[in-house]
Amino acid sequence: MTAAENTAPPPAAAVADLRVDFPVRTGVLRRVTGMTHAVAGVSFTVPERSIVSLVGESGSGKTTTGRALLGLSPVTSGSVRLHGRELGELRRDRTLPRVAQIVYQDPYASLNPRMTLRTMLREVLTVHRTVEPGAVSGRVAELLDQVGLRAQLAGRYPHELSGGQRQRAAIARALAVEPRFIVCDEIVSALDVSIQGQILNLIQDLRRERDVSFLFISHDMGVVRHISDHVVVMYGGKVMESAPCDELFAAPRHPYTRALLRAVPVPDPRARPDAARTDPEGPRAEPPDPSAPPPGCRFQSSCPFATAECREGDSPPPAAVPAAAGHTVACHHHDTPAVRAALAERTPAP
Amino acid sequence: MNVLDVAHLEVTHPGHDHDSSLTTVRDVSFRVAAGESLGVVGESGSGKSQTMLAVLGMLGRAGATVSGRVTFDGTDLTALTQKQLRGIRGSGIGLVSQDALSALNPAMSIGKQMAEPLIRYDGHNRRTAADRCAELLQLVGIPAARERLRAYPHQLSGGMRQRVLIAMAISREPKLLIADEPTTALDVSIQSQVLRLIDRLRRELDMALVLITHDLGVVAGVTDRIAVMYGGMIVETASTAELFDAPGHPYTRALMQSVPRMDRKPGDRLPAIPGLPPHPSAPPPGCAFQPRCTLARDECGDSVPLLAEPDPARAGHLVRCPVTAPVPAEGART
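If you're wondering where the values come from, they're calculated on a predicted model, not measured in any experiment.

**Concerning the confidence of the model for chain A**
- The share of residues in chain A with pLDDT of 70 or more is 91%, and the mean pLDDT across the chain is 87.
- Per-element confidence in chain A ranges from a low mean pLDDT of 45 for helix α12 (residues 272–278) of chain A to a high of 97 for strand β3 (residues 51–55) of chain A.

**Here's the deal with unusual backbone geometry**
Residue and element names in this part refer to chain B.
- A positive phi is found at aspartate 73, a non-glycine position, where the angle reads about 55°.
- Considering the arrangement of structural elements, one finds aspartate 73 in the loop between β4 (65–72) and β5 (75–76).
- Classification of aspartate 73 by relative accessible area gives partly exposed; the value is 29%.
- Notably, alanine 144 is not glycine yet its phi reads approximately 50°, a positive angle.

**Let's talk about helix α5 (residues 126–139) of chain B**
All names here are of chain B.
- Its 14 residues give α5 an end-to-end C-alpha distance of 20 Å, which sits within 8% of 20 Å, the value for a rise of 1.5 Å per residue.
- Burial in α5 covers these residues: Ala129, Arg132, Cys133, Ala134, Leu136 and Leu137.
- Looking at the buried residues of α5, the elements they touch are α4 (110–121), α6 (145–148) and α7 (158–170).
- Two or three places before arginine 127, at the opening of α5, asparagine 125 has a side-chain oxygen 3.0 Å from that residue's backbone nitrogen.
- Just downstream of α5 lies glycine 141, where phi reads positive at about 80°.

**Observations regarding the sheet that holds β4(B)**
All names here are of chain B.
- The strand order β2-β1-β4-β5 describes an open sheet built from four strands, whose pairing is antiparallel. Only two strands of the sheet have a single neighbouring strand rather than two, namely β2 (21–33) and β5.
- Bridge analysis of β4 against β5 gives two bridges, and the strand direction is antiparallel. Bridge pairing in β5 places phenylalanine 72 opposite threonine 75.

**As for the pairing of strand β1 (residues 2–14) of chain B**
Residue and element names in this part refer to chain B.
- The sheet contact formed by β1 and β2 spans nine bridges and is antiparallel. Counted as the bridge partner of valine 11 is valine 25 from β2.
- The pairing of β1 with β4 spans seven bridges and is antiparallel. From the neighbouring strand, aspartate 5 faces β4, where its bridge partner is threonine 71.

**Comments concerning the sheet that holds strand β6 (residues 93–96) of chain B**
All names here are of chain B.
- An order of β6-β7-β8-β3-β9-β10-β11 is seen for the seven strands of this open sheet, with the pairing classed as mixed. Of all the strands in the sheet, the pair left with one neighbour each is β6 and β11 (318–319).
- In this sheet, strand β8 (residues 208–213) lies alongside strand β3 (residues 37–41) in parallel orientation, the contact comprising five bridges. Residue valine 40 lies in a different strand from β8, and its bridge partner there is isoleucine 212.
- Lying on the sheet, α7 is in contact with β6 and β7 (176–180); it crosses β6 at an angle near 170°.

**Topic: the state of the cysteines**
Residues and elements named next belong to chain A.
- Counted according to the given criterion, the structure contains zero disulfides over all chains.
- Here cysteine 331 stays free of any disulfide, with the sulfur of cysteine 303 as its closest cysteine sulfur at 6.1 Å.
- For cysteine 331, a relative accessible area of 12% gives the class buried.

**As for a positive patch on the surface**
Residue and element names in this part refer to chain B.
- Taken together, the side chains of Arg61, Lys83, Arg86 and Arg120 define a basic patch exposed on the protein surface.
- Structurally, lysine 83 can be placed in helix α2 (residues 82–91).
- Looking at lysine 83, the relative accessible area reads 66%, which means it is exposed.

Criteria and cut-off values
Each chain carries its own residue numbering, running from 1 in the written order of its sequence. Both sets of labels track the order of writing: A upward for chains, 1 upward for ligands. Local features are withheld for residues below a pLDDT of 70 in this predicted model, meaning they are given only at 70 or higher, and side-chain atom pairs are given and counted only at 80 or more; totals for whole chains, interfaces and linings count all residues. Remark: hydrogens and water are excluded; side-chain values derive from all non-hydrogen atoms of the structure. A score from 0 to 100, pLDDT tells how confident the predictor is in each residue. Per the convention used, a helix needs a DSSP run of H or I reaching at least four residues, while a strand needs a run of E reaching at least two, with both numbered from the N terminus. Only protein chains enter the area calculation, which uses a 1.4 Å probe; residues under 20% of their type maximum are buried, those over 50% are exposed, and those in between are partly exposed. In this scheme, a helix's expected span is set at 1.5 Å multiplied by one less than its residue total. Contacts are assigned to residue pairs that have any heavy atoms within 4.5 Å of one another. The definition of a polar contact used here is a pair of N or O atoms within 3.5 Å, where within protein one atom must be able to donate a hydrogen and the other to accept one, and adjacent residues in sequence count solely through side-chain atom pairs. Paired strands, in this sense, are two strands between which DSSP finds at least two bridges. Axes here mean lines fitted to C-alpha atoms, for a helix over just the part in contact, with angles spanning 0 to 180 degrees between N-to-C directions. Only a pair of cysteine sulfur atoms within 2.5 Å counts as a disulfide in this structure description. Patch definition: residues with relative accessible area over 30% and no salt bridge; like charges joined within 9 Å; nonpolar side chains (Val, Leu, Ile, Met, Phe, Trp, Tyr) joined within 5 Å. What sets the accessible areas is the Shrake-Rupley method with a 1.4 Å probe; for residues, cover comes only from the shown protein chains. A pairing counts as a salt bridge when a side-chain nitrogen of Lys or Arg comes within 4 Å of a carboxyl oxygen of Asp or Glu. Counted as positive: Lys and Arg. Counted as negative: Asp and Glu. His and the chain ends are not counted at all. A single reference atom marks each charge: NZ on Lys, CZ on Arg, CG on Asp, CD on Glu.

Quick look at the structure:
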């Protein structure tokens, strides 16, 4: 995914070797005693008009990465370019909000409880001067319509809305500045399944009709399978695997991706005996401590294929998977016969 | 033999005004046989957790009115005092809740809080209780169990805490384990381990299990039978295989289609269910799902449909829908 296409327009987001470190403070004086490497050298691209998913478990660094794209996490090193322009430059000339926006998991916490939807949207439109003062009311109605909220709801406060409606309102606020790129951080995780589908459909409509690109952060592999063009799998602050969506689910190459996919409960009772036979039930080793990661691969302690090579030096660099465009995997053994046989044994049905 | 028999359970909470009230559970009846595992599936507000709190007699303090009959192991729980109920909880019915961090006492070591009920009710002393706790932690797959007894909840990971909660729930060998969203707060890989653990313990200890969840994937793997709840009512119940093969209620069908699945090729759009679930203060007339249902007819708004067995050949598959499952002439079952 990192191959630059020089003739094409710049991608919505291009992240190269991104690192985010947080200071670890201890003792009464809160002295900095170490650094937590939350994101440890991550690279990926979100092409224009595409939906790229960032998946991983808690502590994988996916949310920190998403926030870093908007300058909300302190970038230690590496580069973030949005639509061809450097993040620092976008922040300096204050155009960042109009290029990229973020929608959070919990709209109840991210919406001002003392503002009605109308006041909230008017404020955004006025501050960013996206429309003429006379056209503000019309634009508010348009935005509500775009996200599927009835016009009568404009006078409501966040607590008067349902969870799904609040999430739509948060999306409307992000759209108000007409950004071309939106980071969605677990936006459907808190919603009931019958409402989840409505929001996912809305995201797809926005991509198709308004040319918005999305970085979709999620832990739900079913949702990711449904919505993404490309998937980036993170573990312990590193990218383990990155592949086009169909390819990743049909032929995962990294042992971590495989473990992740196999752990997802499938709503099909017939899938039961197979999973019970092949997967161990015991607790797996926990992800490495991000402030003192072991040498070598981050997944080594939980990996059934780990060898001495995996426990030394740097973590394995991402390598291109032969004959699979856009598919990279960061594993020393992804191409050894034993691992390939094990991965082929039971991959989820495409 | 039925371990749990719930008949016509109804839960009503007083509203903010004198004349308003919220009915969160409406005429819920179900049975759980010894050693059986029942999944209760529903979205937020469907009444699934309220049902289980009512079964455990834990809604009294909230000022709720509970009517109906709850028979556990031959005893009518609704006739018991709070003190008598405390005896049943733990020894007869174990409970595992979603949020282990708030279910555990943060200021007490794991070993101490695990030992408390054993010493109080089962005649253990400190030493024998500690032995039993270590044994329990081992049973739920916690390595170095002896040392872990001294740990405090915040020193354990989310998955470990959930295992501790399970160990506490089974410590007095209950006949029935109620698990309310036990894996919702966990990462997927930990989730599958905890589910498999619950499944194994149920078989080994011959417990009945009621697993409450919003996730169809979770119940598919570990339950014998499923009850689907919507708007405070059971709208469908069937064996797990039968429910997934031939869902009868329009809500169950819509739910299955609207969940994005990993093992399915993505379509362009999800067949999302339009509208919102009903609020308990203003349930729609007639069938609770009728305002969102694509098959709804005029009569669906007239009266609440009966939970009927549409096909005598599929005994035990009950559906509350007159359109997809018309009531057979000889009479309805509830």
